[in-house]
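# Geometric and topological summary
Listed below are the residues making up each chain.
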Amino acid sequence: MTFGEKLAKAVAAHGPLCVGIDPHPSLLDAWGLSSTAEGLERFALTAVEAFGGRVSMVKPQAAFFEAYGSRGVAVLERVIAELRDSGTLVLVDAKRGDIGSTMAAYAQAYLGDGSPLAGDAVTLSPFLGFGSLQPALDTARETGRGVFVLALTSNPEGAQVQRVVAPDGRTVAQTIIDFAAARNSGISPCGDVGLVVGATIGETDVDLSRFNGPILAPGFGAQGGSVADLKRLFGPDMRNVFPTSSRDVLKHGPDVSSLVSAVQRVQQSL
């Protein structure tokens with residue numbers, strides 16, 4: 001299946017919610033776990049038990065695993081494998097971006113068949129130029145995977161780059177959106193190039209009407225984003241919008257049943 005077909009199947013089964021696995025030290029502490037590779041593993045695998053087979057997509061934040069070196073990366077590989085075995089789509093939140101052979105290596109690592117770090121999609125940073133992402137775009141299409149490209153992020157500093165107006169009158173964010181829309185053109189049910197648009201950005205000031213791809217909307221829940229915000233930003237038809245909640249769900253751990261109940265409450269609110 002194409003990545004768009006996989007997304008459509010997942011949403012039909014579980015709704016659009018994407019849940020993050022963010023093993024932040026403060027969450028480890030709240031769960032009574034140590035900030036060690038052992039604590040990380042217990043946290044992450046508990047989240048896998050709670051979320052696997054119950055949501056459309058899970059987004060492990062790679063940085064929190066990389067912080068523990070090779071042992072942490074090994075935990076990330078296990079998380080990816082076990083979630084995929086459960087039938088849950090995995091979006092590896094790594095925000096990679098580079099040029100040439102280096103970008104090709106990132107593409108193989110996170111999108112290549114046989115790589116233990118390859119989930120179903122990866123987040124990418126386009127700020128070395130959208131064209132620099134070509135190796136990842138090509139690999140994703142070849143392997144039936146997807147990418148989510150940063151467009152309008154919720155951090156205040158993002159506006160310094162993303163809302164800058166280029167000589168052709170478009171903002172940088174709009175340029176990224178237009179490149180992604182062109183890449184997805186004509187693909188059904190949606191393209192394999194997604195966008196990251198924060199749920200708490202206020203006004204988008206961009207045109208998404210021609211964009212035929214999934215939109216990841218982080219910031220839903222604990223960071224202040226609401227269903228009303230999502231509908232205001234993306235309109236009432238949010239078939240391809242994936243609200244992302246991490247801390248708002250994870251704070252209910254370490255009890256698995258409490259995590260499951262938290263996921264179900266958020267799913268019912270959408």
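Residues numbered from 1 in each chain as written. Predicted model: local features only at pLDDT ≥ 70, side-chain atom pairs only at ≥ 80, totals over all residues. Heavy atoms only, no water.

In the nomenclature of an unreviewed UniProt entry, the protein is known as Orotidine 5'-phosphate decarboxylase of Lentzea albidocapillata. Annotation of the protein in UniProt includes, under Catalytic activity (unreviewed entry), the sentence "orotidine 5'-phosphate + H(+) = UMP + CO2". Its UniProt record, at the heading Sequence similarities (unreviewed entry), says of the protein: "Belongs to the OMP decarboxylase family. Type 2 subfamily." (UniProt positions renumbered as here; feature names shortened; annotations may be inferred.)

Moving on, we come to the overall build of the protein. Within the protein one finds twelve helices and eight strands. For 270 residues, the compact-globule estimate of 2.2 N^0.38 gives 18 Å, and the protein sits close to it at 18 Å. Projected onto the principal axes, the alpha-carbon positions of the protein cover approximately 55 × 40 × 35 Å. By residue count, 53% of the 270 residues in the protein fall in the buried class. For the protein, the proportion of contacts with a sequence separation of at least 24, taken over those separated by at least 6, is 72%. (Helix = DSSP H or I, 4+ residues; strand = E, 2+ residues; numbered from the N terminus. Rg over C-alpha atoms; globule rule 2.2 N^0.38 Å. Buried < 20%, exposed > 50% of the residue type's maximum accessible area, 1.4 Å probe, protein only. Contact = heavy atoms within 4.5 Å.)

Take unusual backbone geometry next. Of the consecutive residues Ser188 and Pro189, the connecting peptide bond is found in the cis state with omega at 0°. Checked against the element boundaries, Pro189 lands in the loop between α9 (172–184) and β6 (193–197). In this structure, Pro254 follows Gly253 across a cis peptide bond, with omega equal to 10°. Of note, Pro254 is situated in the loop between α11 (247–250) and α12 (256–269). The backbone of Lys95 shows a phi angle near 50°, a positive value even though the residue is not glycine.

Let us now look at the nonpolar core. Ranked by size, the top nonpolar core spans 72 residues in total, and within it Ile21, Phe51, Val79, Val147, Leu195 and Phe234 carry the most contacts. Broken down by element, this core gets its largest block of residues, eight residues, from helix α3 (residues 37–51). Look past the residues within four positions of Phe51 in its chain and what remains in contact with it is Val19, Gly20, Ile21, Val58, Thr88, Val249, Leu250, Leu259 and Val263. Formed by 14 residues, the second largest nonpolar core is a distinct cluster that contains Phe3, Met57, Leu91 and Val196. (Core = buried A, V, L, I, M, F, W, Y, C linked by side-chain atoms within 4.5 Å.)

Attention now moves to the pattern of salt bridges. This model, assessed by the stated rule, comprises 15 salt bridges. Residues Arg78 and Glu82 are paired through a salt bridge, measuring 2.7 Å at the closest nitrogen-oxygen approach. Pair noted here: Arg78 and Glu82 are both in helix α5 (residues 69–85), with a separation of four residues, about one helical turn. Looking at Glu82, the relative accessible area reads 30%, which means it is partly exposed. With its nearest N and O atoms 3.3 Å apart, the salt bridge here joins Lys251 to Asp248. Look at the salt bridges and you will find they share partners, linking Asp168, Arg170, Asp178 and Arg210 into a network. (Salt bridge = Lys/Arg side-chain N within 4 Å of Asp/Glu carboxyl O.)

Once that is clear, we can look at the UniProt feature "active site" (unreviewed entry) in the protein. Per the UniProt record, "active site" (unreviewed entry) is annotated on Lys95. By the secondary structure assignment, Lys95 is in strand β3 (residues 89–96). Those residues in contact with Lys95, other than ones at most four positions away along the chain, are Gln61, Thr123, Leu124, Ser125 and Leu150.

It is worth spelling out the pairing of strand β5 (residues 146–152) at this point. Burial within β5 is extensive, with seven of its seven residues counted as buried. Sheet analysis places strand β4 (residues 121–124) next to β5, joined by four bridges and oriented parallel. In the strand pairing of β5, Val122 is matched with Val147. With respect to chirality, the unit in which β4 leads through helix α7 (residues 134–143) into the neighbouring parallel β5 is right-handed. Of the strand pairs in this sheet, β5 and β6 are connected by five bridges, and their pairing is parallel. Within β6, the position partnered with Val147 by the bridge is Val193. (Pairing = 2+ DSSP bridges. Right-handed = clockwise from strand over helix to strand, strands pointing away.)

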